[in-house]
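# Summary of structural features
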There are 2 protein chains.
Amino acid sequence: MATEATGADAESAPEAYTQLLQTYKRVSNVRNAAGLLSWDQQVMMPEGGNPARSQQLSTLSSLSHELLTDDEVGEALDELEDADLTDEQAGVVREIRRKYDRAVSVPSELVEEISTASSEALPAWEKAKAENDFSIFAPHLQKHVELKREYAEHIDPDKDPYEVLFEDFEPCLPLEQAESILDELRDTLVPMITQIREEGDDIATDAFTRAGEYPEEDQEELCRDVLSTLGYPWERGRLDTSSHPFSSGTMFDARVTTRFDETDPLGSLFSTVHEFGHATYNLGLPDEHYATPLGESRDLSVHESQSRLWENHVGRSKAFWNVLLPKFKEHFPKAEDVTLEEAYEAANQVYEDNLIRVESDELTYHLHIIVRFEIERALISGDIDVEDVPEVWNDKYEEYLGIRPETDSEGCLQDIHWSHGNFGYFPTYSLGSVMAAQLYAAAEDDVDDLESHIEDGDFEPLHEWLTENVHQHGARYETNELVVEATGEDFAADDFLDYVTEKYGDLYGIDA
Amino acid sequence: MATEATGADAESAPEAYTQLLQTYKRVSNVRNAAGLLSWDQQVMMPEGGNPARSQQLSTLSSLSHELLTDDEVGEALDELEDADLTDEQAGVVREIRRKYDRAVSVPSELVEEISTASSEALPAWEKAKAENDFSIFAPHLQKHVELKREYAEHIDPDKDPYEVLFEDFEPCLPLEQAESILDELRDTLVPMITQIREEGDDIATDAFTRAGEYPEEDQEELCRDVLSTLGYPWERGRLDTSSHPFSSGTMFDARVTTRFDETDPLGSLFSTVHEFGHATYNLGLPDEHYATPLGESRDLSVHESQSRLWENHVGRSKAFWNVLLPKFKEHFPKAEDVTLEEAYEAANQVYEDNLIRVESDELTYHLHIIVRFEIERALISGDIDVEDVPEVWNDKYEEYLGIRPETDSEGCLQDIHWSHGNFGYFPTYSLGSVMAAQLYAAAEDDVDDLESHIEDGDFEPLHEWLTENVHQHGARYETNELVVEATGEDFAADDFLDYVTEKYGDLYGIDA
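Nothing here was measured: the structure is a model prediction, and the numbers come from that model.

Basis of the calculations
- Residues numbered from 1 in each chain as written.
- Chains lettered and ligands numbered in written order.
- Predicted model: local features only at pLDDT ≥ 70, side-chain atom pairs only at ≥ 80, totals over all residues.
- Heavy atoms only, no water.
- Least-squares fit on C-alpha atoms with pLDDT ≥ 70 in both.
- Contact = heavy atoms within 4.5 Å.
- Pairing = 2+ DSSP bridges.
- Helix = DSSP H or I, 4+ residues; strand = E, 2+ residues; numbered from the N terminus.
- Axes fitted to C-alpha atoms, helices over the stretch in contact; angles between N-to-C directions.
- Salt bridge = Lys/Arg side-chain N within 4 Å of Asp/Glu carboxyl O.
- Polar contact = N/O pair within 3.5 Å; in protein donor to acceptor, adjacent residues only side chain to side chain.
- UniProt positions renumbered as here; feature names shortened; annotations may be inferred.
- Buried < 20%, exposed > 50% of the residue type's maximum accessible area, 1.4 Å probe, protein only.
- Phe/Tyr/Trp six-rings, centres within 6.5 Å; stacked < 30°, edge-to-face > 60°.
- Core = buried A, V, L, I, M, F, W, Y, C linked by side-chain atoms within 4.5 Å.
- Expected span 1.5 Å × (residues − 1).

### Concerning the relation of the copies chain B and chain A
- Once turned by 180° and shifted 0.1 Å along the axis, chain B lies on chain A with an RMSD of 0.0 Å. Such values leave the two copies arranged in the relation of a two-fold axis.
- Both copies present the same face, since 100% of the interface residues in chain B are matched by interface residues at the equivalent positions in chain A.

### What about the sheet that holds strand β2 (residues 247-250) of chain A?
All names here are of chain A.
- Spatial strand order, β1-β3-β2: three strands in an open sheet with mixed pairing. What marks the edges here is a single partner per strand, and that holds for β1 (239-241) and β2. Within this sheet the neighbouring strands show an average axis-to-axis angle of 20°, counted without direction.
- When β2 meets strand β3 (residues 253-258), the two strands line up antiparallel, connected through four bridges. Across the sheet, residue G249 finds its bridge partner in β3, namely A254.
- Relative to the sheet, helix α1 (residues 15-43) contacts β1, β2 and β3, its axis offset from that of β3 by approximately 25°.

### Observations concerning the interface of chain B and chain A
- Opposite the 36 residues of chain B that make contact, chain A presents 36 residues.
- Viewed at the interface, chain A and chain B are joined by six salt bridges.
- In this structure, B:R53 and A:D253 form a salt bridge, with 3.7 Å as the shortest nitrogen-oxygen distance.
- Remark: the boundary between chain B and chain A carries 16 residue pairs in polar contact (both at pLDDT 80 or more).
- A per-element tally of the side of chain B that touches chain A places helix α2 (residues 50-68) of chain B first, with eleven residues.

### Quick notes on the UniProt feature "active site" (unreviewed entry) in chain A
Residue and element names in this part refer to chain A.
- Feature annotation in UniProt places "active site" (unreviewed entry) on E275, given in this structure's numbering.
- By secondary structure assignment, the location of E275 is in helix α10 (residues 265-284).
- Judged by relative accessible area, which is 7%, E275 ranks as buried.
- In contact with E275, other than residues within four places in its own chain, are P245, F246, S247, V256 and T257.

### Regarding the packing of aromatic side chains
- The tally for this structure, following the rule as stated, stands at 40 aromatic pairs over all chains.
- Ring geometry for A:F276 and A:W310: centres 5.1 Å apart, planes at 90°, overall edge-to-face. With A:F276 in helix α10 and A:W310 in helix α11 (residues 300-314), the pair connects residues that are 34 residues apart, well separated along the chain.
- Note on B:W393 and B:W418: the rings are 6.1 Å apart at their centroids and 85° apart in plane angle, and the pair reads as edge-to-face. Of this pair, B:W393 sits in helix α15 (residues 389-401) while B:W418 sits in the loop between α15 and α16 (426-446), and the two are 25 residues apart along the sequence.
- Residue classification places B:W393 among the buried residues on the basis of a relative accessible area of 1%.

### Description of the side chain of B:D415
All names here are of chain B.
- Checked against the element boundaries, D415 lands in the loop between α15 and α16.
- Using a relative accessible area of 11% as the deciding quantity, one classes D415 as buried.
- Of note is the side chain of D415, whose polar atom sits 2.5 Å from the side chain of R372.
- When sequence neighbours within four positions are dropped, the list of residues in contact with D415 reads W125, R357, R372 and F426.

### A short note on the pattern of salt bridges
- Under the defined criterion, the tally for this structure stands at 88 salt bridges over all chains.
- A:K396 is paired through a salt bridge with A:E374; the nearest N and O atoms lie 2.8 Å apart. Linking A:K396 in helix α15 (residues 389-401) with A:E374 in helix α14 (residues 365-381), this pair joins segments that are 22 residues apart in sequence. Of the two residues, A:K396 and A:E374, neither departs from the other in class, the shared state being buried.
- When the shortest N-O distance is used, the salt bridge between B:E374 and B:R186 registers 2.5 Å. Placement of B:E374 in helix α14 (residues 365-381) and of B:R186 in helix α8 (residues 175-199) is noted, with a sequence separation of 188 residues between them. Comparing B:E374 with B:R186 shows no difference in burial state: the two are buried.
- When salt bridges that share partners are traced, they join A:R94, A:E95, A:R98, A:R298, A:D299 and A:E478 into one network.

### Observations concerning the nonpolar core
- Counting residues in hydrophobic clusters, the biggest one holds 134 residues, and the most contacted among them are B:F208, B:W310, B:W321 and B:L462.
- With eleven residues, α16(B) is the single largest residue contributor to this core.
- The residues touching B:W321, leaving out its near neighbours within four places in the chain, are B:F208, B:L266, B:L269, B:F270, B:G315, B:R316, B:P326, B:L340, B:A343 and B:A347.
- One finds A:L141, A:Y429, A:L450 and A:Y508 within the second-largest nonpolar core, a separate group that totals 133 residues.

### Describing helix α5 (residues 108-130) of chain A
Residues and elements named next belong to chain A.
- With 23 residues, α5 should reach 33 Å at 1.5 Å per residue; the first-to-last C-alpha distance of 33 Å fits that figure.
- Within α5 the residues assigned to the buried category are L110, I114, A117, S118, A121, A124, W125 and A128.
- The inward-facing, buried residues of α5 contact α6 (134-155).
- Note on α5: the residue one or two positions beyond its end, N132, has a positive phi of about 50°.

### Overview of the environment of A:S297
Residues and elements named next belong to chain A.
- Checked against the element boundaries, S297 lands in the loop between α10 and α11.
- Taking C-alpha positions, S297 is 27 Å from D225, a pair spaced 72 residues apart along the chain.
- Aside from chain neighbours lying at most four places away, what touches S297 is Y281, N282, L285, H303 and A475.

### Side note on the sheet that holds strand β2 (residues 247-250) of chain B
Residues and elements named next belong to chain B.
- Spatial strand order, β1-β3-β2: three strands in an open sheet with mixed pairing. Both outer strands of the open sheet, β1 (239-241) and β2, are each paired with one neighbouring strand and no more. Averaged over neighbouring strand pairs, the angle between their axes works out to 20° when direction is ignored.

### Here we look at the UniProt feature "binding site: Zn(2+)" (unreviewed entry) in chain A
Residues and elements named next belong to chain A.
- The feature "binding site: Zn(2+)" (unreviewed entry), as annotated in UniProt, sits at H274, H278 and E304 in this numbering. A stretch of 31 residues holds the annotated residues, and the largest C-alpha distance among them is 8.8 Å, short enough that they meet in one place.
- Within the element layout of this structure, H278 appears in helix α10.
- Accessibility expressed as a relative area gives 10% for H278, which makes it buried.
- Structurally, E304 can be placed in helix α11.
- Sequence-distant contacts of E304, that is, excluding residues within four places in its chain, are made with H274, H278, T428, Y429 and G432.

Pasting the structure below:
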């Protein structure tokens, strides 16, 4: 389909549209500058730099808020309500309107208070986790729950407050739809995992542990090699190390990070491929729409669909290991005896007793998420109290995963998200995986013999399909529209459930 | 002396002062954010990132301008004219007033026009230099001269326009004083250099060239070692590589860069020590005054005095080489036979036929600067035309240095500064050297046996003297006040001329 350039059609746009876009570009530039400051803070900054960096970030954050909530933005948006706009222009206005409405509805004192609460909660969470003492974190979590209820009330007093919070991360995917997908996942995966454990074949799990340690430098070389193989454009990106892997940037400069564990070469590898997936989305956004909604990614689930697609559907596939294993052996000759089948099995094993989300596998991962989703919904609605969280957490782990944490440090204190007051974020991880399966199935339908391209190390057809069907649209379409546009179907769990049923059925020799 | 904290005495400050300082902190934070973006652009950014980075920088630049020129800033400044302020508060108001007055007096269209002219001049200068064709650059230089005259006219139509331009870099040092110092330098150095060439002893120059090449990795290790030895606090800094060495940042995060030439280990070493000197200034500014004028360095000459002091008075001294040479040999065992005397002579040789400023020595350097200063003054005043520049340049090189460039690429096209429209910048380099000598002489008077501390690798007494007498004051004092405060004397060339006369007299066995 034809893409009209934001710039090129500016002449035919109403004056208010042109001005609105100019202001929005400033907002985006300030946010992108803040993004770089944050990347630097996590990757390059000497530790002493924090006091200045936090003030710089706070100034940029308040400036972008002031620019976005300027009266002239509101006036331009009002004027454009009845204007004659192209579809793209209408999409731009819709996106800016949504951000504007949300930004003006929350008093800046409350934003300030939430920010302060986060700053105080973070060290308390770190201490609570280190000392395995939930009571240190509990009052901060309580504070966050109260502030976030108040926040949601300002935005829409008539809506379920959790729904409002979810919209911070997923503004155009109905919570009801998200919840029904997560319910389906739970209802299918819990029995499937039980069946794997009870009836599944033994698979090889030691392909990458039996040969001892893997030096960090060599792992890094391998990650760089894999990024090049996958088509990462180094002239628009870089790979660094950080304590938590992440990706950031724009279509011009989409950086990724990873981390290394010398006992686990798959960890750095899959996190690199995962972040590569995020980066491809940023890189696929159209250059000419930089700093406008047409040059921005859709929300978290769609972003996560890109990382999961590359991590799971490509990175954990046998076709890809056909390319990867020889490279792995080049960098690690000691893995010479590992067979393709062993590598595939090790990369796809379902863990028996893992309590930690970030160390989990493609199946159990979603139950880690669903536990958090159910707890945070209940917390915000008041169905449970903060003090109940550890018990409810442990019960749900027992119910869904058949394991019970012995400490809160490896239970409800394991993740950082709630210390930031982020409620509604976790579900987007699973939704992204589900969307990845749907997109990948559509790509398989559209691209002739996609698997054999991957087996040959040719990732270009997949890049092209994703760019054409997802990336190039920026935020032009809302989430469901985008999925329909790309796959011809509503966003749903079917493809994901088919994918895991077939894959893990084959792998563990069960008829799930 | 006691330092009142900008924050601590805020309670006793007029409301207008508190508000002014709040706004100024936002301006500083935006500028510091831009500083980090610029550091990243030169050190880390993948090449493809430029289109987005330049838009981000442009947005931050216009935002900081808008914040500074806000009507409320002008009103607060007016209100504070007759307010009862402490000396420190008065210094803060004076600094903000100066920046405000300048910022509001230039129409933003002209600022925009100058910025566009720079963007166009830079590639033209690169091409002109590469093709040794001044005519490619000439129209751009002409444009800059005209725009900068217009710029100066807006700021003060009654002043010599060059003086106004000089104030952009050196707002509180009279041009007349600067010029008289530069004249003294020229009048002393030209005959001194001639005498060295005609009557000077032969000195050893091959200490670091006779052993072949010095691998980049080893040079980098040496530079890190030297930075640690000098007392660089790694928790507030980092060393990286860039095509032109520079330093940037704040007291919390003062980074340096260097560059490597495998045939010239002294190049990376001295540029590292030079940038270290700049960094010590930023690091010595008081933490509690971050983002206010009391936490900002005085202007370019003072900043350059710190880099030159460490580069020349420490880095090129025999006392320091007593510490450095053993380290050098640790990293480069092939230099094992180099004696202290040879090293000192090689590090201080006066070049016979060097045409390039950035490759020059401690003496001839200033004649490179004086040529540029005299030409840019004459250009702005209209005493010479752009088309005369190559001829005038070559004549002056012949007159002052006894060498004549054969091409404009190694003549008037060698530096980037004029392509940015920076007139008035060059002199600050020499003024910095002169100030370094005056400060170092005062430190020698104040610190018991400073030389033997350095000989022992103990740089703490010098750091303490500089912090107490220069760094801690931020921009509280104007330049001459600061020099008097630190040295008890007006800023003048005497100490510098004594220093070079004695040092080079000894080195070359002449009675200069």
